[in-house]
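# Fold and geometry: a report
Here are the chains, one letter per residue:
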Amino acid sequence: MRGALPVALAARAAGVEALILPRENLPRRASSTACACSAPGASRKSRSNLEGKAELPGASVDVARLFAERAKDDVDFAEVKGQAHAKRALEVAAAGGHNILMVGPPGSGKTMLARRLPTTLPKMSLDEALETTKIHSVAGTLPLASLVARRPFRAPHHTISDAGLIGGGSYPRPGEVSLAHGGVLFLDELPEFRKNVLEVLRQRWRTAS
Ligand SMILES: Nc1ncnc2c1ncn2[C@@H]1O[C@H](COP(=O)(O)OP(=O)(O)OP(=O)(O)O)[C@@H](O)[C@H]1O
Ligand SMILES: [Mg+2]
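Before going into details, it helps to say that this report is about the structure given with it. (Residues numbered from 1 in each chain as written. Chains lettered and ligands numbered in written order. Predicted model: local features only at pLDDT ≥ 70, side-chain atom pairs only at ≥ 80, totals over all residues. Heavy atoms only, no water.)

## Quick look at the overall build of the protein
- Check the secondary structure of the protein and you find 10 helices and four strands.
- In the protein, the order of α-helices and β-strands from amino to carboxyl end is α-α-α-α-α-α-α-β-α-β-β-α-β-α.
- Among the 209 residues that make up the protein, the fraction classed as buried is 30%.
- Long-range contacts, defined here as pairs at least 24 residues apart, represent 68% of the contacts in the protein between residues at least 6 apart.
- Total accessible area computed for the protein in this model is approximately 13,300 Å², and 55% of it derives from carbon and sulfur atoms. (Helix = DSSP H or I, 4+ residues; strand = E, 2+ residues; numbered from the N terminus. Buried < 20%, exposed > 50% of the residue type's maximum accessible area, 1.4 Å probe, protein only. Contact = heavy atoms within 4.5 Å. Areas by Shrake-Rupley, 256 points an atom, 1.4 Å probe, with all protein chains shown as cover.)

Written as structure tokens, this is what we have:
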């Protein structure tokens with residue numbers, strides 16, 4: 001089920017005490033204690049549960065633990081050798097939430113530096129993680145029962161459409177801009193992007209800031 005987490009959070013805020021969810025929507029460890037029914041048996045089992053005839057096994061999800069487990073970064077800004085100017089510029093951009101344009105010869109480390117930018121940002125708070133997870137959950141980009149606990153780093157390919165970047169489409173979905181919420185949106189090989197895609201990004205940026 002797509003978007004289970006936002007549904008669960010909204011339900012809790014509305015005072016709902018329990019949700020019946022597909023087993024796949026629970027984190028792996030919780031699923032062993034959770035409802036073990038397969039899809040054909042599931043509706044029968046949940047009906048008898050609602051009628052009070054049978055109990056569904058309960059499962060609780062320890063969001064704080066899930067968060068702590070996933071909050072570790074796999075790359076580090078400290079791995080960059082030298083490049084004092086580029087690092088300083090990235091730090092300024094990170095501190096002020098600015099855009100940054102990197103220009104340099106092939107192999108000088110632009111992509112490598114950009115990938116490490118999210119690791120210089122403060123760790124995500126649980127609330128921020130849940131907020132970003134909601135977006136990813138709605139977009140269906142997450143494996144089920146996952147939590148975005150690290151600042152996202154999104155690097156879409158330059159062939160991306162404007163709907164892919166900004167969101168929308170005939171079946172509306174969040175775009176890369178939204179998926180990068182709380183993290184970094186990296187446009188590698190910027191001049192290769194289609195002009196209209198960069199234009200919508202510029203217009204969106206102006207209205208947002
Ligand atoms: N200052 C550095 N410290 C550590 N490793 C570096 C540094 N500069 C370059 N490298 C290494 O060189 C590799 C190539 O760098 P990278 O791919 O980021 O270059 P680029 O500037 O994006 O090049 P291109 O313009 O071809 O995309 C990196 O994977 C990294 O291993
Ligand atoms: Mg590169």
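## Considering the nonpolar core
- The biggest cluster of nonpolar side chains holds 10 residues, and these are F77, V80, L90, L113, A114, L117, L121, F153, V184 and F186.
- Setting aside its immediate chain neighbours within four residues, L90 contacts F77, I100, L113 and L117.
- Judged by nonpolar contacts, the second largest core, of eight residues, contains F67, A71, L147 and A149. (Core = buried A, V, L, I, M, F, W, Y, C linked by side-chain atoms within 4.5 Å.)

## Side note on the packing of aromatic side chains
- Tallied over the full model, the rule gives one aromatic pair.
- Plain terms: the ring middles of F153 and F186 are 5.7 Å apart, the flat faces sit at 35 degrees to each other, and that makes the pair tilted. Taken together, the residues F153 in strand β1 (residues 153-154) and F186 in the loop between β4 (184-185) and α10 (195-208) connect sequence positions 33 residues apart.
- Since its relative accessible area comes to 12%, F186 is described here as buried. (Phe/Tyr/Trp six-rings, centres within 6.5 Å; stacked < 30°, edge-to-face > 60°.)

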